[in-house]
Amino acid sequence: MQDIPFIFWLIPLASVTALFMAWHFFSRMMQEEEGTARMCEIAGYVRRGAMAYLKQQYRVVLIVFIVLATIFAVMAYGFHVQNPWVPFAFLTGGFFSGLAGFFGMKTATYASGRTANAARQGLDKGLKIAFRSGAVMGLVVVGLGLLDIAVWFLVLHAFYKGAQGALITVTTTMLTFGMGASTQALFARVGGGIYTKAADVGADLVGKVEADIPEDDPRNPATIADNVGDNVGDVAGMGADLYESYCGSILSTAALGATAFAASSGGMQLKAVIAPMLIAAVGVFLSLAGIFMVRTKDGASMRDLLRSLGLGTNTSAVLIAVATFVILYLLGLDNWLGISFSVLVGLAAGVIIGQSTEYYTSQSYTPTKNIAGASQTGAATVIIKGIGIGMISTCIPVVTISVAIMLSYLCANRFDLSMSAHSIQSGLYGIGIAAVGMLSTLGITLATDAYGPIADNAGGNAEMSGLGEEVRKRTDALDALGNTTAATGKGFAIGSAALTALALLASYIEEVKIAMVRAVDHGQQFLDSMGTVFDPHSATVADFMEFFQVNLMNPKVLVGMFIGSMVAFLFCGLTMGAVGRAAGKMVEEVRLQFHTIKGILEGNATPDYGRCVAISTRSAQHEMIIPSLLAIVIPVIVGCVIGVAGVLGLLAGGLATGFSLAVFMANSGGAWDNAKKMVEEGAFGGKGSECHKATVVGDTVGDPFKDTSGPSLNILIKLMSMVSIVMAGLTVALS
């Protein structure tokens, strides 16, 4: 194995730069005034509640991690069906994923009050504080992700140096820390989503609809829990989610590159392995350039605000597109031009999916306006219209991803349609690097997403602190922008998950090969359907497909596909039911306080916010266990019962169904939310009208769609792939 080239050190440099700039933005934000004593008090409530929840969640997740790491250790050291590095890689992946979520959420809880205070001075200052605080989340994710990848690569490179097939072993071993990141991300997303939506639904149904009081009114006992939930779900959860996507895309592409260029000379294999890492590293610097470009003016419209964010994100995307051609050319990678176009395809797909999501969820466009208009005939038509628009909205993302898969595959293999072993492996590398391209500017794209809950909490702080109408108008504008960016971020996360999961699906075959080689080296033999001994050492992807009979005529594949599709719906059903049960408890608590604490509705008594926070915390911790464990248990069971062919069917079915279902749920929920905002701004009778109440019901239905079940699906499809990769040794042993 070749020595590491000097250009590799750009990767840890980018990591350190990202973490330094995250610290810089955090420090600058902390220097701003938090506002009046009342504003500080409210921000303190939210901060304490969020940290208390996160500590409790990490205790639960720690138990799961210890159990799983012990199982992996027994498999590795007791039965030799697992790579011995897996238990350690698994733990580091989970640790860094949780750390990214923690830093992002800590920043958000300090930033919301300061954003509200800045909005007293002007819209531009409020936008800058909220956005650059959101950038802390984006930069921490890419910084920690690249740091984890760089350190593991250096350690494993030194350990396996000189071994046969060293780079393939190194990259497939690194893939396994993605399971730790995925597991942590799923618990964070599911638990945070249940927490935030239980509080949100309870606050809206009893506060807005029954008691007819405004959103974020301090008289509502659930309002602090609602604000806490925005942070634990949409900041900590989203950060852990995209950390896992970011690392998964880079690692799976590196593994595919090690395989595709294994027979190449001149160090081409090593160049293919570090290429996705270098693209991500350069993306860090270009994301920073885009972050500094985001600014606006007082009195800006929603289109102006969207244009301001779009300037930063689109400039970063254009710059990374140009930089990719330079990086791959200087690296001297074989077919650098075609692979660069694969990256370009991924970037373009991300932009198209983002624009499509904005169109279907922003109140500036026809679909959301139509949902708001449907409120004139009641809540039922609002719900029907929102479901219909959500279903229609799946078309553009699905077609975009399909075209991106084909184009990135063909660009990377020089449009070779022969389906030879080299052609397939090169094409799969192209799909993987397209996912890296889509996520290369994650530093700024995640900033636009994390900005949303900060702006939402700023609006809540302004309302509860009794700030003036002009300030509330500015925070409402920032909040409405946040709803659209959050929906766009979810669409982006789902799109990147689809490409990443497909790359992981291809990496699964390589992990199966390594498991079979390990078994053969320990004296086991594999016989094909004709009774001939199968040698995995020199087998190609096509050989493995034939050996395991992975085709649509094999009932194992079909059964796996059906189970994969079912898992997506089962998972959504369980998480929706969890939100419903938790929200029911919250509704009862809010009603109880309105009846038993005299003077709440008159503003003469203080609600017991702590009881509502406690209900959301207990419910989230209890309800997140079963859905999260499903994603881990089902691939293991399928692998043990129907083998490799069944697992490939499971992953394909889960990917296709999960992607479409996630887009539908995220877009429906985002459109319902912004339709409500549109009415609150004065359309169709404004706040307190019958139309407003109808859109509140629609938004309440959409809450678990867009913030619990929908965004959790993209982790589900990647986690099932990661679990399958990590458990490939067991699956092969039982097969």
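For clarity, every value in this text was computed on a predicted model and none was experimentally measured.

Colleague: How would you summarise the overall build of the protein if you had to cite specific residues and measurements?
Modeller: Counting secondary structure elements, the protein contains 22 helices and zero strands. A compact globule built from 735 residues would reach a C-alpha radius of gyration of about 27 Å, and the protein, at 25 Å, matches this within 12%. By its C-alpha atoms, the protein is 80 × 50 × 40 Å across when sized along the principal axes. Here the protein holds 735 residues, and the buried ones make up 66% of them.

Colleague: Go over the environment of Leu99, please, and point to the residues and values.
Modeller: Within the element layout of this structure, Leu99 appears in helix H3 (residues 86-119). When the C-alpha atoms of Leu99 and Ala374 are compared, they prove to be 43 Å apart, with 275 residues separating the residues in sequence.

Colleague: Can you break down the packing of H3 against helix H15 (residues 442-464) residue by residue, with the values?
Modeller: The geometry of H3 relative to H15 is characterised by a closest axis approach of 8 Å and an angle of 55 degrees between their N-to-C directions. The orientation of H3 with respect to H15, classified from their angle, is oblique. Here H3 runs over H15; the crossing is right-handed. Counted together, Ala108, Ala111, Ser112, Gly113, Thr115 and Ala116 of H3 and Ile454, Asn457, Ala458, Asn461 and Ala462 of H15 form the full contact between these two elements.

Colleague: Describe the packing of aromatic side chains, listing the residues and the values that go with them.
Modeller: Under the criterion given, the structure shown has 24 aromatic pairs. Measuring from centroid to centroid gives 5.8 Å for Phe8 and Trp9, while their planes differ by 80 degrees, and the two rings are edge-to-face. Of the residues examined, Phe8 reaches a relative accessible area of 0% and is grouped as buried. A connected cluster of aromatic rings, assembled from ring pairs, spans Trp85, Trp152, Phe159 and Tyr160.

Colleague: Hey, could you go over helix H13 (residues 395-412) for me, with residue numbers and the actual values?
Modeller: Helix length check: H13, at 18 residues, gives a terminal C-alpha distance of 26 Å against a target of 26 Å (1.5 Å per residue), a fit within 8%. Along H13, the positions that sit buried rather than exposed are Pro397, Thr400, Ile401, Ala404, Ser408, Tyr409, Leu410, Cys411 and Ala412.

Colleague: Could you give me a rundown of helix H8 (residues 268-291), with the residues and numbers involved?
Modeller: Counted at 1.5 Å a residue, the expected span for H8 with its 24 residues is 34 Å, and the 35 Å between its end C-alpha atoms agrees. The largest bend along H8 measures about 35 degrees and falls at Ile274, with the proline Pro276 one to four residues further on.

Colleague: Describe the environment of Val81, with residues and values.
Modeller: Within the fold, Val81 resides in the loop between helix H2 (37-78) and H3. What Val81 contacts, discounting residues up to four positions off in sequence, is Met75, Arg518, Gly729, Leu730 and Ala733.

Colleague: Quick one: what's the story with the packing of H3 against helix H4 (residues 123-160), residue by residue and with numbers?
Modeller: Interaxial distance between H3 and H4 falls to 8 Å at its minimum, and their mutual angle equals 170 degrees. As the angle between them shows, H3 and H4 are arranged roughly antiparallel. Here the contact of H3 with H4 is composed, by residue class, of 18 nonpolar, eight polar and three charged.

Colleague: Just give me the short version of the side chain of Thr448, but keep the residues and values in it.
Modeller: Looking at the element boundaries, Thr448 is found in helix H15. At 2.6 Å, the side chain of Thr448 and the backbone oxygen of Thr445 are in polar contact. Beyond its immediate stretch of four places on either side in the chain, Thr448 contacts Phe131, Thr313 and Thr485.

Colleague: With reference to specific residues and values, describe the environment of Pro397.
Modeller: With respect to the helices and strands, Pro397 occurs in helix H13. The class for Pro397 is buried, based on a relative accessible area of 1%. Residues Pro397 and Lys369 lie 28 residues apart in sequence; the distance between their C-alpha atoms is 21 Å. Non-local contacts of Pro397, meaning those with residues more than four positions away in its chain, are made with Ile353, Ser356, Phe659 and Val663.

Colleague: Break down unusual backbone geometry for me, with residues and values.
Modeller: What you tend to see is this: most non-glycine residues have negative phi, and most peptide bonds are trans. Positive phi, normally seen in glycine, also occurs at Phe415, with a value near 55 degrees. Its identity as a non-glycine residue notwithstanding, Gln549 has a phi of 55 degrees, on the positive side. Turning to its location among the elements, Gln549 is positioned in the loop between helix H17 (541-547) and helix H18 (555-596).

Colleague: Explain the pattern of salt bridges to me, and be specific about the residues and the numbers.
Modeller: Per the stated rule, a full pass over the model turns up 20 salt bridges. One salt bridge in this structure joins Lys197 and Asp703, with 3.5 Å as the shortest N-O distance. Taken together, the positions of Lys197 in helix H6 (residues 177-210) and Asp703 in helix H21 (residues 690-726) put the pair 506 residues apart, joining distant regions of the chain. The burial state of Lys197 is the same as that of Asp703; both residues are buried. The residue Glu244 makes a salt bridge to Lys718 at a minimum N-O spacing of 2.9 Å. A residue pair is termed long-range when its members are at least 10 positions apart, and Glu244 in helix H7 (residues 223-260) and Lys718 in helix H21 qualify at 474 residues. Several salt bridges share partner residues, and in doing so they unite Lys197, Asp673, Lys676, Asp699, Asp703, Lys706 and Asp707 into one network.

Colleague: Outline the nonpolar core, listing residues and values.
Modeller: Grouped together as the largest cluster of nonpolar side chains are 244 residues, with contacts concentrated most on Phe153, Met277 and Tyr429. Counting residues per element, this core draws most heavily on helix H20 (residues 625-680), which supplies 23 residues. Setting aside anything within four residues of it in sequence, one finds Phe153 in contact with Ile4, Phe8, Leu167, Val170, Met174, Leu270, Val273, Ile274 and Met277.

Colleague: I'd like a description of a nonpolar patch on the surface, backed by residues and values.
Modeller: A surface patch of nonpolar side chains, about 520 Å² in accessible area, is lined by Val318, Val322, Val326, Tyr329 and Leu330. The class of Leu330 is exposed, set by a relative accessible area of 62%.

Quick notes on the rules
- Residues numbered from 1 in each chain as written.
- Predicted model: local features only at pLDDT ≥ 70, side-chain atom pairs only at ≥ 80, totals over all residues.
- Heavy atoms only, no water.
- Helix = DSSP H or I, 4+ residues; strand = E, 2+ residues; numbered from the N terminus.
- Rg over C-alpha atoms; globule rule 2.2 N^0.38 Å.
- Buried < 20%, exposed > 50% of the residue type's maximum accessible area, 1.4 Å probe, protein only.
- Axes fitted to C-alpha atoms, helices over the stretch in contact; angles between N-to-C directions.
- Parallel < 35°, antiparallel > 145°, perpendicular 65-115°, else oblique.
- Left-handed = near helix turned anticlockwise from the far one by under 90°.
- Contact = heavy atoms within 4.5 Å.
- Phe/Tyr/Trp six-rings, centres within 6.5 Å; stacked < 30°, edge-to-face > 60°.
- Expected span 1.5 Å × (residues − 1).
- Bend = angle between axes of the 7 residues up to and from the residue.
- Nonpolar A, V, L, I, M, F, W, Y, C, P; charged D, E, K, R; others polar.
- Polar contact = N/O pair within 3.5 Å; in protein donor to acceptor, adjacent residues only side chain to side chain.
- Salt bridge = Lys/Arg side-chain N within 4 Å of Asp/Glu carboxyl O.
- Core = buried A, V, L, I, M, F, W, Y, C linked by side-chain atoms within 4.5 Å.
- Patch = residues over 30% accessible without salt bridge, like charges linked within 9 Å, V, L, I, M, F, W, Y side chains within 5 Å.
- Areas by Shrake-Rupley, 256 points an atom, 1.4 Å probe, with all protein chains shown as cover.

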